[in-house]
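As a plain string of letters, each chain reads:
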Amino acid sequence: MPTRRSRMAPAVAAVPLLLLGLVLLLTGCGSSSSAATGGTDSGFVAGDGSLVLVPAAERGPAPDVVGQTLDGETFRVSDHLGEVVVLNVWASWCAPCRAEAPALAALATEFEGDGVQFVGLDTRDSDVPARAFVDRFGIPYPNVIDRDGRLQLLFGDTLPPQAIPSTIVIDREGRVAGRALGKVSESSLRGLIEPLLEVEAQ
């Protein structure tokens, strides 16, 4: 007849697995899960939705991000000096990225011709799901491939994109002017872009 200790053993053994599942559920897209990152420890955390707009006198130069896009072209941030550049860090496996994609696509269309260049930085992803993401949400702007996350680390001296998704705004003079950590809405992102256009218009 099984003892009380032997009957309790399976239940006790299951506790660590249940706790691990709860942790993975709560950490979400910002976590460094091996399934999403190919086994690397990204160190990213979930975005809290915070917005930062840096005063002009305190802005540092943006790194010249250069990379191949999903369309096979080369994108270089320095080619867009004189424009406001909106750089969105995303991944197809990230639920908040999917949630914010329609807002980004809409704003890219709205600001077309106004001196605003949107660009995506597709991180820790693979081609097929990344291309499906772009097609599904009708993303109209180029998306640079950043498989290992090295390009986003170039912003470490200014406003690093510490979550997925993150959005960085670069002013017309090539300086990092603002950042949003986590999912953006049309209104919140417009609030980072429009002040930079108004300064130029004055």
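Residues numbered from 1 in each chain as written. Predicted model: local features only at pLDDT ≥ 70, side-chain atom pairs only at ≥ 80, totals over all residues. Heavy atoms only, no water.

Remarks on the sheet that holds strand S8 (residues 176-181)
In a beta sheet, neighbouring strands are held together by backbone hydrogen bonds and run either parallel or antiparallel to one another.
Phase 1: A sheet is described by the order of its strands in space; here six strands give the open sequence S1-S8-S7-S4-S5-S6, paired in mixed fashion. The strands lining the two open edges of the sheet, one partner per strand, are strand S1 (51-53) and strand S6 (143-146). Sheet twist, expressed as the mean angle between neighbouring strand axes with direction ignored, is 15°.
Phase 2: Here strand S5 (residues 116-123) runs beside S6; their pairing, made up of four bridges, is parallel. In the strand pairing of S6, Gly120 is matched with Asn143.
Phase 3: Sheet strands in contact with helix H4 (residues 127-137) are strand S4 (84-90), S5 and S6, and its direction is about 130° off that of S4. (Pairing = 2+ DSSP bridges. Helix = DSSP H or I, 4+ residues; strand = E, 2+ residues; numbered from the N terminus. Axes fitted to C-alpha atoms, helices over the stretch in contact; angles between N-to-C directions. Contact = heavy atoms within 4.5 Å.)

A look at helix H3 (residues 95-110)
Phase 1: Over its 16 residues, H3 extends 24 Å from the first C-alpha to the last, a length consistent with the 22 Å expected when each residue adds 1.5 Å.
Phase 2: Along H3, the helix axis deviates most sharply at Ala101, where the bend reaches about 35°; the proline Pro102 sits within four residues downstream.
Phase 3: Of all the positions in H3, only Cys97, Glu100, Ala101, Ala103, Leu104, Ala105, Leu107 and Ala108 are classed as buried. (Expected span 1.5 Å × (residues − 1). Bend = angle between axes of the 7 residues up to and from the residue. Buried < 20%, exposed > 50% of the residue type's maximum accessible area, 1.4 Å probe, protein only.)

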